[in-house]
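Residues per chain are reported as follows:
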Number of protein chains: 2
Amino acid sequence: MDSRFINTNPYSSCDCKSDNEKSNGDDKRSSEYSFVSALSMSGGDGDNSYSTNSLLQKRVLSRTKRVLVENTKEMMTNLDFPRCIKVADLGCSSGQNIFLAMSEIGNTINALCEEWNKNPPEIDCCLNDLPSNDFNTTFKFITSFNKKLTRGGSCFVSGVPGSFYSRLFPRKSLHLVHSVYSIHFLSKVPEGLEKSKMSVYITSSSPQSEYKAYLNQFQKDFTTFLRMRSEEMVSNGRMVLTLIGRKTLDDPLYRDCCHFWTLLSESLHDLVLEGIVSATKVSSFKMPFYDPSKEEVTDLIRKEGSFKINNLETHGFDLGHSVEDFSLQSHGVKAGQKEASCIRAVTERMLVAHFGDDINIDTLFNKYALRVSQHASCRTKTSVSLVVSLIRK
Amino acid sequence: MDSRFINTNPYSSCDCKSDNEKSNGDDKRSSEYSFVSALSMSGGDGDNSYSTNSLLQKRVLSRTKRVLVENTKEMMTNLDFPRCIKVADLGCSSGQNIFLAMSEIGNTINALCEEWNKNPPEIDCCLNDLPSNDFNTTFKFITSFNKKLTRGGSCFVSGVPGSFYSRLFPRKSLHLVHSVYSIHFLSKVPEGLEKSKMSVYITSSSPQSEYKAYLNQFQKDFTTFLRMRSEEMVSNGRMVLTLIGRKTLDDPLYRDCCHFWTLLSESLHDLVLEGIVSATKVSSFKMPFYDPSKEEVTDLIRKEGSFKINNLETHGFDLGHSVEDFSLQSHGVKAGQKEASCIRAVTERMLVAHFGDDINIDTLFNKYALRVSQHASCRTKTSVSLVVSLIRK
């Protein structure tokens, strides 16, 4: 969540005619959580847009770069330098930083070809997100993307609107798939959640059934994701996925006290206490999200069977501020505002879809920022970044 | 211009690294006509948007449908029913009607496969326009597009931002290319035009040098267009192009008195007479457009050499109102408003870029509508629609 919470509503799929989609038949749009269809980053490039608040993507890429570069090189050599490489960034959202990974991939390929004295391939860069994503803003940055590329083959950019829980590309067409902070978003809010609880996500006090409901939905969604990609990718193609996960602990319900969703729940609770919004309204707002453990991810990849795990790393996770930032109180306040802006860009559309004019978004995120700064001294975090690289068998 | 005047500024190309683009080196952005970079249809879906004013595309497609269907069928059988078909709509603009041609193509392919007892292919639908185009509005209509498709293979949609005077797709990847009312737009305003003349385009009183300047630019641009597509298309791939042309007459300068650009020039002239805008400002506004004769188009295709002409038809051209519409005066007024809305959606961004707040767009197009209705009795039109189908050798 350093960066790009992404939208995964499968009902916006482009591919409504495919057999694959039929297997998602049980994922009927739940009118109960209709706000999920608004799961999309704030568009444009204003103060509260995702584009403005996603500079943190740079930090994520600096951590995952090594894995991405390694996999790109191995893909190229194992496939004996194809003449055209098709790359997909899934759940790309909007803004100029979505080209960071594509630049890295393009420049790695060009450097490798020079090193091996091979003709550089043409590169087909496909940027995917839901149809409600702000592609217009993204396309404005194509010129600067091209400037960042070293000299090589032609590079083509396209936007592919649709859910990555459905087919997005023709069979056996993709060589490399990349996705950052997207696939922790579920296709829908799980069924059977506790109705009375005023919490947008699992907390340490949630019943065991809640964990099972979320895990079950993640299992379905992630398996679908792998199956769709297995159809689209060439043999020996690579996939590098970065998602928010949690540390492996005995209690699968345990989340630290300053978990971002816990703080959002508490900020909404404040509004209930102030009589601004009803408890019922707040308790029916749930995040379509799951932060799996490393073992849960590994297990699902093995069961699905199309991919070999090349590598799985666990990195620290924060919202753009390091632990050191909290040493001074002023830094705590700043970090609070940063995290609030980030969570706002990710959730604003859903909040508005659910609460309408009942709540003032500025007020809510001022409360959120305050809560972050109140947790300045917390050191134990349950959230991690999982970086997994896969090889299509 | 029934429908989709399209933007063709090659400097917005995605493919700035390719060798092809280098050949466009003489097309340096002219600061003299900097408004050309704003050549893009009005976005969104408001009253004056292109999306709202492009229902006329339906009429165009009803005329060109037969040619499109024939070429789609012949492409499929000649290529022995490929497993995946990649189709491009070049200069698609925004709005739901841009899916009309794609639906026609998809349904033709599915019906043909059923007839021949073949498995329907996957179809990769690529919608191209300049990066400044409103792709967001277009992507909203994907669901209804899918509903229009008959049962067949999966159909994938992508947006490809870039100028069609540069490379947009990997080599030998396209099977079918379609473009309606786009390639009459030039990559820039020709050099060496008469500066003192208050006319946005060639008129019967233009000097011969003006015709030569426009023709020369069209020759360069159309040849580049053919060369780029020849690299992207598979052998025996098909291309169906519809563009505004002119009847073959002895005098290449002759345009009828109610030619749409003549009426725009006259409407701007009205504003000069009213002291609203200066004559100098108006005389520096020129359209990056050329309406070739059938012979000019044929000649360039033969000279470029990559394509065989399958068929070239000439159809009547109007802006969504038939000659019969003029029989009643009230119809004349309505037709005037229709044509004004259409020309406004196409030119508004450029007019604003050039004139800024100097002119009121509503006022200008009220004058335009009035002028159309004043020409209600005119019967001789020089403009035609040229429909040409090509086979990649």
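### Examining the overall build of chain A
Along its length, chain A carries eleven helices and seven strands. Per-residue burial over chain A gives 64% buried out of 393 residues. Sequence-distant contacts, at least 24 apart, represent 85% of the contacts inside chain A between residues at least 6 apart. Taken as a whole, chain A presents about 14200 Å² of accessible surface, with 49% of it coming from carbon and sulfur.

### Considering the packing of aromatic side chains
Within this structure, the stated rule accounts for 38 aromatic pairs over all chains. Ring geometry for Phe135 of chain A and Phe139 of chain A: centres 6.0 Å apart, planes at 45°, overall tilted. Here Phe135 of chain A pairs with Phe139 of chain A, and both are found in helix H4 (residues 135–139), just four residues apart, close to one helical turn. Assessed through its relative accessible area of 1%, Phe135 of chain A is described here as buried. For the pair Phe164 of chain B and Tyr165 of chain B, a centre-to-centre distance of 5.0 Å together with 85° between the ring planes defines the contact as edge-to-face. Considered together, Phe164 of chain B and Tyr165 of chain B belong to a single accessibility category, that of buried residues. Three or more aromatic residues joined by ring pairs make a cluster, and in this case those are Tyr181, Phe185, Tyr201, Tyr214, Phe260, Trp261, Phe289 and Phe317 of chain A.

### Focus on helix H3 (residues 99–115) of chain B
With 17 residues, H3 of chain B extends 24 Å between its outermost C-alpha atoms, agreeing within 8% with the 24 Å of an ideal straight helix rising 1.5 Å per residue. With 13 of 17 residues buried, H3 of chain B is to be regarded as a mostly interior element.

### Topic: helix H7 (residues 260–273) of chain B
All names here are of chain B. End to end, H7 covers 20 Å across 14 residues, agreeing with the expected 20 Å (1.5 Å per residue, within 8%). Counted residue by residue, H7 has eleven buried out of 14 residues, so it is predominantly covered. Inspection of H7 places Phe260, Trp261, Thr262, Leu263, Leu264, Ser265, Ser267, Leu268, Asp270, Leu271 and Val272 among the buried residues, and these make up the whole buried set. Backbone geometry just downstream of H7 places Gly275 in the positive-phi region, at approximately 75°.

### What to know about the confidence of the model for chain A
Residues and elements named next belong to chain A. The predicted model of chain A averages 84 in pLDDT, with 83% of residues at 70 or higher. This stretch, residues 1–30, has a pLDDT under 50; its non-local contacts, to residues over four places away or in other chains, come to 133 contacts. When the criterion is pLDDT under 50, residues 322–326 qualifies, and its contacts beyond four places in sequence or with other chains add up to nine contacts.

### A word on the environment of Pro82 of chain B
All names here are of chain B. Of note, Pro82 is situated in the loop between helix H2 (56–78) and strand E1 (84–90). Linking Pro82 and Glu122, residues 40 residues apart in sequence, is a C-alpha distance of 9.0 Å. Beyond its immediate sequence surroundings of up to four residues, Pro82 is in contact with Met76, Pro121 and His175.

### Observations concerning the pattern of salt bridges
Oppositely charged side chains are able to pair whenever their charged atoms sit close together. All chains considered together, the criterion is met by 36 salt bridges over all chains. Linking Arg66 of chain B and Glu70 of chain B is a salt bridge whose minimum nitrogen-to-oxygen distance equals 3.9 Å. Of this pair, Arg66 of chain B and Glu70 of chain B both sit in helix H2, four residues apart, roughly one helical turn. Here Asp299 of chain B and Lys303 of chain B are joined by a salt bridge, their closest N and O atoms 3.2 Å apart. Here the residue Asp299 of chain B and the residue Lys303 of chain B both occupy positions in helix H9 (residues 294–304), the gap between them amounting to four residues, near one helical turn. On the basis of relative accessibility, which here comes to 36%, the residue Asp299 of chain B falls in the partly exposed class. Through salt bridges with shared partners, a single network forms among Glu122 of chain A together with Arg167, Arg171, Arg229, Glu231 and Glu232 of chain B.

### Examining the environment of Lys393 of chain B
Residue and element names in this part refer to chain B. With respect to the element layout, Lys393 can be found in the segment after strand E7 (383–392). Spatially, the C-alpha atom of Lys393 lies 6.0 Å from that of Asn236, the residues being 157 residues apart in sequence. For Lys393, the residues in contact, after removing those within four places along its chain, are Ser235, Gly305, Ser306, Phe307 and Lys308. At a separation of 3.0 Å, a polar atom in the side chain of Lys393 contacts the main-chain carbonyl oxygen of Gly305.

### Focus on unusual backbone geometry
Its identity as a non-glycine residue notwithstanding, Lys172 of chain A has a phi of 45°, on the positive side. Looking at where Lys172 of chain A falls in the secondary structure, it is placed in the loop between strand E3 (155–161) and strand E4 (174–180). One non-glycine residue, Tyr181 of chain B, adopts positive backbone phi at about 50°. On the secondary structure map, Tyr181 of chain B appears in the loop between strand E4 (174–180) and helix H6 (208–232).

### Some points on the pairing of strand E1 (residues 84–90) of chain A
It is a general feature of regular strands that their side chains alternate between the two faces of the sheet. Residues and elements named next belong to chain A. Burial analysis of E1 places six of its seven residues in the buried class, which makes it a mostly covered element. Bridge analysis of E1 against strand E2 (residues 122–129) gives seven bridges, and the strand direction is parallel. Residue pairing in the sheet places Cys84 in a bridge with Glu122 of E2. Since E1 and E2 lie parallel, the crossover through helix H3 (residues 99–115) that links them has a hand, and here it is right-handed. Bridge count for E1 against E4 is three bridges, and the pairing is parallel.

### Considering the side chain of Asn110 of chain B
Locating Asn110 of chain B in the fold gives a position in helix H3. Once residues within four sequence positions are removed from consideration, Asn110 of chain B is found in contact with Pro120, Thr150, Arg151, Gly152 and Gly153 of chain B.

### Section: the packing of helix H6 (residues 208–232) of chain A against helix H9 (residues 294–304) of chain A
Residue and element names in this part refer to chain A. Two numbers describe how H6 lies on H9: the axes approach to 10 Å, and their chain directions differ by 45°. Classed by the angle they form, the pair H6 and H9 counts as oblique. Taken as a pair, H6 and H9 cross one another with a handedness that is right-handed. Of the residues in H9, those in contact with Tyr211, Leu215, Phe218, Gln219, Phe222, Thr223, Leu226, Arg227 and Ser230 of H6 are Glu296, Val297, Leu300, Ile301 and Glu304. A class-by-class count of the residues in the contact of H6 with H9 yields eight nonpolar, three polar and three charged.

### Concerning the packing of helix H7 (residues 260–273) of chain A against helix H11 (residues 361–374) of chain A
Residue and element names in this part refer to chain A. Running from amino to carboxyl end, H7 crosses H11 at an angle of 125°, the nearest separation of the two axes being 9 Å. Classified by the angle between their axes, H7 and H11 sit oblique to one another. Regarding H7 and H11, the two cross each other, and that crossing is right-handed. The segment H7 lies against H11, with Phe260, Leu263, Leu264, Glu266, Ser267, Leu268, Asp270 and Leu271 engaging Thr363, Leu364, Phe365, Lys367, Tyr368, Arg371 and Val372. Taken together, the residues that form the contact of H7 with H11 break down as nine nonpolar, two polar and four charged.

### Some thoughts on the nonpolar core
With 77 residues, the main nonpolar core has Phe222 and Phe225 of chain A as its most contacted residues. In terms of residue count, the dominant contributor to this core is H6 of chain A (eight residues). Leaving out residues up to four positions away in the same chain, Phe222 of chain A has contacts with Ile183, Leu241, Val297, Leu300 and Ile301 of chain A. With 76 residues, the next largest nonpolar core counts Tyr181, Ile183, Ile244 and Leu390 of chain B among its residues.

How each quantity is defined
- Throughout this description, residue numbers start from 1 for each chain and increase along the sequence as written.
- All chains are assigned letters beginning at A, and all ligands numbers beginning at 1, according to the order in which they are written.
- Under the rules for a predicted model, residues below a pLDDT of 70 receive no local features and side-chain atom pairs below 80 are neither given nor counted, while totals for whole chains, interfaces and linings still include all residues.
- Each side-chain value is worked out from all heavy atoms of the structure, with water and hydrogens disregarded.
- Runs of H or I in DSSP of at least four residues are treated as helices and runs of E of at least two as strands, each being numbered from the N terminus.
- Summary of the burial criterion: residues with accessible area below 20% of their type's maximum are buried, those above 50% are exposed, and those between are partly exposed, where the area comes from a 1.4 Å probe applied to protein chains only.
- Note on definitions: a residue-residue contact is assigned when non-hydrogen atoms from the two residues lie within 4.5 Å.
- The protein chains shown are the only cover counted for residues, whose accessible areas, like all others here, come from Shrake-Rupley with a 1.4 Å probe.
- Any Phe, Tyr or Trp ring, taking Trp's six-membered ring, that has another such ring centre within 6.5 Å forms a pair; planes under 30 degrees apart are called stacked, those over 60 apart edge-to-face, and the others tilted.
- Here the expected length of a helix is defined as 1.5 Å per residue gap, with one fewer gap than residues.
- Confidence of the predictor in every single residue is expressed as pLDDT, which spans 0 to 100.
- Any carboxyl oxygen of Asp or Glu within 4 Å of a side-chain nitrogen of Lys or Arg constitutes a salt bridge here.
- Here a polar contact means two N or O atoms within 3.5 Å. Within protein one must be a hydrogen donor candidate and the other an acceptor candidate, and residues neighboring in sequence count only if both atoms are side-chain atoms.
- Any two strands with at least two DSSP bridges between them are considered paired.
- If the strands point away from the viewer and the path from the first strand over the helix to the second runs clockwise, then the crossover is right-handed.
- The axes are straight lines fitted to the C-alpha atoms, using for helices just the contacting stretch, and the angles between their N-to-C directions are given from 0 to 180°.
- For classification, angles of less than 35 degrees are called roughly parallel, those exceeding 145 degrees roughly antiparallel, those between 65 and 115 degrees roughly perpendicular, and all remaining angles oblique.
- A clockwise turn of the near helix away from the far one marks a right-handed crossing, whereas an anticlockwise turn of less than a right angle marks a left-handed crossing.
- Residue classes follow a fixed rule: Ala, Val, Leu, Ile, Met, Phe, Trp, Tyr, Cys and Pro count as nonpolar, while Asp, Glu, Lys and Arg count as charged, and any other residue, Gly among them, counts as polar.
- Grouping buried Ala, Val, Leu, Ile, Met, Phe, Trp, Tyr and Cys residues that are joined through side-chain atoms within 4.5 Å yields what is termed a nonpolar core.

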